Amino acid sequence: MILLEEFIKELDSKLHKTQHGCCWRLDMSKKIIVRDIKPRIKGFPQSQNFPKRKLSLNNISDLRKILIELNKDRKIQKKKEPIHKEEIIRNFIKREMIEFLKDLENQGVHSHQRRIIENNLEDRFLSFFFKKNELNFSTWPNFNNEIQKSLIDKNYSYSVIKNILSSGSRFLKFLHRNKTPNIFEHYRFSLSPQNKKLLKSKIRKPNILSPSDQKTIESLLSEEFRPIYYIGLNYGLRLSEIRGLELDDVRQSCLMIERQKSERGKIKQPKCEKSRQVPHWNISPSLLYNLISQIKSSNLKDPLRSNSFLSFIRKLKSEGLISHNYRIHDLRHTFISEAVRTHDLLSVRDAAGHSDISMTNKYLHSLPLDGLEIFKPDNNVGNSENSENNKEK
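Residues numbered from 1 in each chain as written. Predicted model: local features only at pLDDT ≥ 70, side-chain atom pairs only at ≥ 80, totals over all residues. Heavy atoms only, no water.

## Focus: the overall build of the protein chain
Regarding its fold elements, the protein chain presents 17 helices and seven strands. Out of the 393 residues belonging to the protein chain, those deemed buried represent 37%. Look at the contacts in the protein chain between residues 6 or more apart in sequence, and 60% of them connect residues 24 or more apart. Surface accessibility of the protein chain: about 25,300 Å² in total, with carbon and sulfur atoms responsible for 49%. (Helix = DSSP H or I, 4+ residues; strand = E, 2+ residues; numbered from the N terminus. Buried < 20%, exposed > 50% of the residue type's maximum accessible area, 1.4 Å probe, protein only. Contact = heavy atoms within 4.5 Å. Areas by Shrake-Rupley, 256 points an atom, 1.4 Å probe, with all protein chains shown as cover.)

## Quick notes on the confidence of the model for the protein chain
When the pLDDT values of the protein chain are averaged, the result is 76; 63% of them are 70 or greater. Low pLDDT (under 50) marks residues 75-81, which in the prediction has six contacts with non-local residues, meaning those over four places away or in another chain. (pLDDT = per-residue confidence, 0-100.)

## Notes on the pattern of salt bridges
Taken as a whole and assessed by the stated rule, the structure comprises seven salt bridges. Taking the shortest distance from any N to any O, the salt bridge between Arg226 and Glu223 comes out at 3.7 Å. One connected set of salt bridges, linked through shared partners, spans Arg238, Glu241 and Arg276. (Salt bridge = Lys/Arg side-chain N within 4 Å of Asp/Glu carboxyl O.)

## Quick look at the nonpolar core
Side chains of a nonpolar character, in soluble globular proteins, are inclined to be buried together. Residues Ile217, Tyr229, Ile231, Leu237, Leu255 and Leu288 are the most contacted members of the largest nonpolar core, which totals 37 residues. Residue assignment for this core shows that the elements contributing at least two residues are α10 (226-235), α11 (239-243), β4 (254-257), α12 (285-297), α13 (306-318), α14 (328-339) and α15 (345-352). (Core = buried A, V, L, I, M, F, W, Y, C linked by side-chain atoms within 4.5 Å.)

## Here we look at a positive patch on the surface
Taken together, Lys162, Lys196, Lys197 and Lys200 make up a surface patch of like positive charges. With three residues, the single largest contributor to the positive patch is helix α8 (residues 193-202). Along the chain, Lys200 turns up in helix α8. (Patch = residues over 30% accessible without salt bridge, like charges linked within 9 Å, V, L, I, M, F, W, Y side chains within 5 Å. Lys, Arg positive; Asp, Glu negative; His and termini not counted. Charge placed at Lys NZ, Arg CZ, Asp CG, Glu CD.)

## Notes on the packing of α10 against α14
Contact geometry for α10 and α14: axes closest at 6 Å, N-to-C directions at 35 degrees. Taking contact as the criterion, the partners of Ile228, Tyr229, Gly232, Leu233, Asn234 and Tyr235 in α10 are, on α14, Ile328, Leu331, Arg332, Thr334 and Phe335. Per-class residue counts for the contact of α10 with α14 are seven nonpolar, three polar and one charged. (Axes fitted to C-alpha atoms, helices over the stretch in contact; angles between N-to-C directions. Nonpolar A, V, L, I, M, F, W, Y, C, P; charged D, E, K, R; others polar.)

## Observations concerning α15
Val348, Ala351 and Ala352 are the residues of α15 that are buried. Along the axis of α15, the buried positions cluster into a sector of 95 degrees, meaning they face one direction only. Contacts from the buried residues of α15 go to β7 (276-279), α14 and α16 (357-362). Put simply, Asp344 is the residue that caps the front of α15, since its side-chain oxygen is 3.3 Å from the backbone nitrogen of Leu346. Remark: Gly353 follows α15 within two positions and exhibits a positive phi of approximately 80 degrees. (Arc of directions from axis to C-beta. Polar contact = N/O pair within 3.5 Å; in protein donor to acceptor, adjacent residues only side chain to side chain.)

## Quick notes on the side chain of Asn234
Here Asn234 is to be found in helix α10. When its relative accessible area of 12% is taken as the criterion, Asn234 is described as buried. Within polar-contact distance, the side chain of Asn234 engages the backbone oxygen of Tyr230 at 2.8 Å. Sequence-distant contacts of Asn234, defined by excluding residues within four places in its chain, comprise Asn282, Ile283 and Phe335.

The structure is reproduced here in structure tokens:
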């Protein structure tokens with residue numbers, strides 16, 4: 001080992017004491033041990049050969065033994081960079097966030113909710129201040145309006161922005177209570193009235209399927225989307241309720257809605273927290289049974305995702321075949337708007353699963369009509385009518 005240390009010092013002297021790391025390897029073609037210099041230094045050799053002649057090593061097995069000794073406790077050394085104050089604060093925030101999540105767990109917050117809060121903090125709330133390099137906690141409340149506008153510009157919905165700001169306020173309250181008293185004074189981030197109006201102006205209004213668009217979609221609809229489309233249009237179900245349908249839910253007079261199923265497969269109660277009955281107003285029970293059986297027999301999970309149907313609709317819209325980019329929830333709006341034309345409002349409310357009739361009123365829209373083009377009489381039709389009148393005379 002003394003000889004190895006002397007040879008290493010000899011090799012290092014040729015690099016003029018530059019900061020470097022090294023990695024020893026065996027070159028089988030030349031039967032020598034080579035030291036690679038990392039990082040590469042301009043003006044200096046990129047590798048060095050171990051002086052095997054001085055050790056009189058000719059056997060490969062002996063070279064391998066030396067190689068093991070050379071690489072033992074000799075990992076590639078990286079130049080240590082000085083830790084800046086900003087990096088210390090970032091690490092402090094990350095450590096405190098871990099403690100904050102543990103505190104939420106002790107409070108009995110559900111794991112799914114904790115995961116949402118963690119994503120809101122790390123990816124949306126804290127990243128805003130990190131990008132601005134604003135790491136002084138006491139100044140964060142001054143950026144309340146600015147962080148709201150940045151989230152609005154990213155086209156987040158009202159509920160998502162509200163959850164992000166709520167997660168940030170909750171984290172600041174934790175810091176105020178446990179770590180940094182008299183800094184935040186229980187400040188709470190919330191949407192200003194001006195930004196609420198701005199968000200409402202950006203909310204996408206629902207679209208009702210016109211008769212011509214319905215015919216176009218039905219003619220081009222693939223088999224995988226057909227059950228979802230017809231059930232949504234004729235029963236006004238949400239996508240989560242369509243996922244949760246079973247064959248036993250089909251009754252002689254109605255369809256029973258007793259559960260909803262998330263995209264991840266989690267089953268829970270319907271949104272109104274009680275089962276409801278949707279009458280067979282538009283299609284027969286046998287056809288509905290066949291549609292549900294198609295969903296159950298198919299192993300395709302993709303059609304039961306809202307983005308899959310949306311991409312299909314966008315393709316039709318880009319080709320100019322339909323007038324709007326419809327969503328699956330627009331099928332529900334269309335069902336309710338058409339149902340009130342032939343049924344009383346209370347029956348429609350019960351079928352839609354609304355607890356209050358005011359919510360049903362929000363789903364009522366004027367139905368789009370076809371045939372609104374300017375009428376142009378046909379001359380041949382007029383001549384034929386005149387000839388018939390002359391015959392009668």
